[in-house]
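Listed here are the chains, written in short residue letters.
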Amino acid sequence: MQGEVTELQVHFWLVLVMFALAAQAFILLLLVNAPYGRFTRAGWGPTLSTRSAWIIFESPAVVVFAAIYFSGDYAWERVPLILFGIWQFHYILRTIIFPFRIRETGKRIPMVMVVVAILFNVLNAYLNARWISHLGDYPDTWLMPAPFIAGASISVVGWLINQHADRVLFNLRKPGETHYVIPQGGMYRQVSCPNYFGEILEWTGWAIMTWSLAGLAFAVLTLANLLPRALATHKWYRAKFPDYPESRRAVIPYVV
């Protein structure tokens with residue numbers, strides 16, 4: 001029917017919304033530190049424990065993504081299934097394993113942030129799952145060309161950096177301790193936030209692997225969210241520790 005709006009058009013418009021949200025988030029987060037972790041502060045309304053909040057707001061990236069993915073016409077084809085597995089591997093770890101590695105210190109996350117994160121994860125899950133299982137085109141030969149191989153390599157490197165950085169942070173303090181310590185070793189020699197750098201690499205790799213606007217929008221929004229956070233964390237370390245290493249950058253080695 002002439003003039004009918006297709007799902008592909010709606011999908012494209014929602015991707016543009018993601019890019020717009022990335023620009024807004026970047027500007028806002030340069031001005032205001034999101035109130036969790038070391039930047040926790042009162043005045044943001046009701047809160048949840050960090051562990052509970054994390055499980056709740058990451059769950060849509062597993063559950064909603066799977067539901068939308070398996071409604072697609074190409075859900076059982078080889079390449080979409082591989083992409084599905086890559087996504088779920090990351091988010092199952094982040095939803096089920098990571099929260100129980102966090103050492104609860106009494107700091108909590110405002111409900112308003114949990115709601116925002118849920119809305120983002122639902123939108124992001126729809127855009128990426130629907131693209132790889134229904135709207136995109138991924139023949140078996142997709143696994144061979146340079147974009148997939150390069151993207152997968154970047155994503156794996158990012159995941160390894162992220163995992164090592166998180167392990168260093170988890171081991172900084174003994175159970176019950178709440179004081180901050182300067183992280184050492186690994187990529188902490190180069191940057192204050194290698195965990196953020198690793199995650200940025202992961203989703204940059206995803207964008208290249210999928211060669212999609214949906215993947216690119218996610219990578220851009222990840223950068224827009226984590227770069228301001230890394231800059232604030234780097235500034236905080238320098239203010240708190242007079243002996244903080246001068247050579248470290250905030251998040252991207254030798255750059256920023």
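Our subject is the structure that appears above.
Residues numbered from 1 in each chain as written. Predicted model: local features only at pLDDT ≥ 70, side-chain atom pairs only at ≥ 80, totals over all residues. Heavy atoms only, no water.

Caption draft 1: Region of the structure containing the overall build of the protein chain. What the protein chain contains, in helices and strands, is seven helices and two strands. Its C-alpha atoms give the protein chain a radius of gyration of 19 Å, within 12% of the compact-globule value 18 Å for 256 residues. When its C-alpha atoms are laid out on the principal axes, the protein chain stretches across 65 × 40 × 30 Å. Looking at the protein chain as a whole, 44% of its 256 residues are labelled buried. Of the contacts made within the protein chain by residues no fewer than 6 positions apart, 81% connect residues no fewer than 24 positions apart. (Helix = DSSP H or I, 4+ residues; strand = E, 2+ residues; numbered from the N terminus. Rg over C-alpha atoms; globule rule 2.2 N^0.38 Å. Buried < 20%, exposed > 50% of the residue type's maximum accessible area, 1.4 Å probe, protein only. Contact = heavy atoms within 4.5 Å.)

Caption draft 2: Quick look at the pattern of salt bridges. One pass over the structure, following the stated rule, counts four salt bridges. A salt bridge links arginine 238 to glutamate 246; the shortest N-O distance between them is 3.5 Å. According to the relative accessible area criterion, arginine 238 is partly exposed, its value standing at 29%. On the basis of relative accessible area, glutamate 246 is assigned to the exposed category, the value being 62%. (Salt bridge = Lys/Arg side-chain N within 4 Å of Asp/Glu carboxyl O.)

Caption draft 3: Examining the nonpolar core more closely. Counting 32 residues, the largest nonpolar core has Phe65, Leu83 and Trp87 as its most contacted members. Mapped onto this core, the elements with two or more residues apiece are helix 1 (7-31), helix 2 (50-69), helix 3 (78-101), helix 4 (111-135), helix 6 (194-210) and helix 7 (213-240). Setting aside anything within four residues of it in sequence, one finds leucine 83 in contact with Ile132, Tyr138, Phe148, Trp206, Met209 and Thr210. If you look at the next biggest cluster of nonpolar residues, it comprises eleven residues, including Ile161, Leu201, Leu226 and Leu227. (Core = buried A, V, L, I, M, F, W, Y, C linked by side-chain atoms within 4.5 Å.)

Caption draft 4: Quick peek at the packing of helix 2 against helix 3. For the pair helix 2 and helix 3, the least separation of the axes is 8 Å and the interaxial angle reads 160 degrees. Classified by the angle their axes make, helix 2 and helix 3 are roughly antiparallel. The two elements helix 2 and helix 3 meet at a crossing, and its hand is left-handed. For the pair formed by helix 2 and helix 3, the contact residues are Arg51, Trp54, Ile55, Glu58, Ser59, Ala61, Val62, Phe65, Ala66 and Tyr69 on the first element and Pro80, Leu81, Phe84, Trp87, Gln88, Tyr91, Ile92, Arg94, Thr95, Phe98, Pro99 and Phe100 on the second. Residue composition of the contact of helix 2 with helix 3, by class: 16 nonpolar, three polar and three charged. (Axes fitted to C-alpha atoms, helices over the stretch in contact; angles between N-to-C directions. Parallel < 35°, antiparallel > 145°, perpendicular 65-115°, else oblique. Left-handed = near helix turned anticlockwise from the far one by under 90°. Nonpolar A, V, L, I, M, F, W, Y, C, P; charged D, E, K, R; others polar.)

Caption draft 5: How the structure looks around the environment of tyrosine 188. Its place among the elements puts tyrosine 188 in the loop between helix 5 (146-170) and helix 6. On the accessibility criterion, tyrosine 188 (1% relative accessible area) is buried. Remark: the alpha-carbon pair of tyrosine 188 and valine 168, spanning 20 residues in sequence, is separated by 9.0 Å. With residues near it in sequence (within four places) discarded, tyrosine 188 still touches Ala165, Val168, Leu169, Pro183, Pro194, Asn195 and Arg248. Within the structure, tyrosine 188 has its side chain in polar contact with the backbone oxygen of alanine 165 (distance 3.1 Å). (Polar contact = N/O pair within 3.5 Å; in protein donor to acceptor, adjacent residues only side chain to side chain.)

Caption draft 6: Representation of the packing of aromatic side chains. Applying the stated criterion to the full structure yields 25 aromatic pairs. A ring pair is formed by tyrosine 91 and tryptophan 203, whose centres lie 5.7 Å apart and whose planes are at 25 degrees; its orientation type is stacked. Linking tyrosine 91 in helix 3 with tryptophan 203 in helix 6, this pair joins segments that are 112 residues apart in sequence. Accessibility expressed as a relative area gives 3% for tryptophan 203, which makes it buried. Ring centres of phenylalanine 120 and phenylalanine 218 lie 6.0 Å apart, and the angle between their planes is 50 degrees; this geometry places the pair in the tilted category. Of this pair, phenylalanine 120 sits in helix 4 while phenylalanine 218 sits in helix 7; the two residues are 98 residues apart in sequence, bridging distant segments of the chain. Residue class for phenylalanine 218 comes out buried when judged on its relative accessible area of 2%. These aromatic residues form a ring-pair network of at least three members: Phe65, Tyr69, Phe70, Trp76, Phe84, Trp87, Tyr91, Phe120, Trp203, Trp206 and Phe218. The residue whose ring lies beneath arginine 38 is tryptophan 236, and the NZ or CZ to ring-centre distance is 4.6 Å. (Phe/Tyr/Trp six-rings, centres within 6.5 Å; stacked < 30°, edge-to-face > 60°. Lys NZ or Arg CZ within 6 Å of the ring centre and 35° of its normal.)

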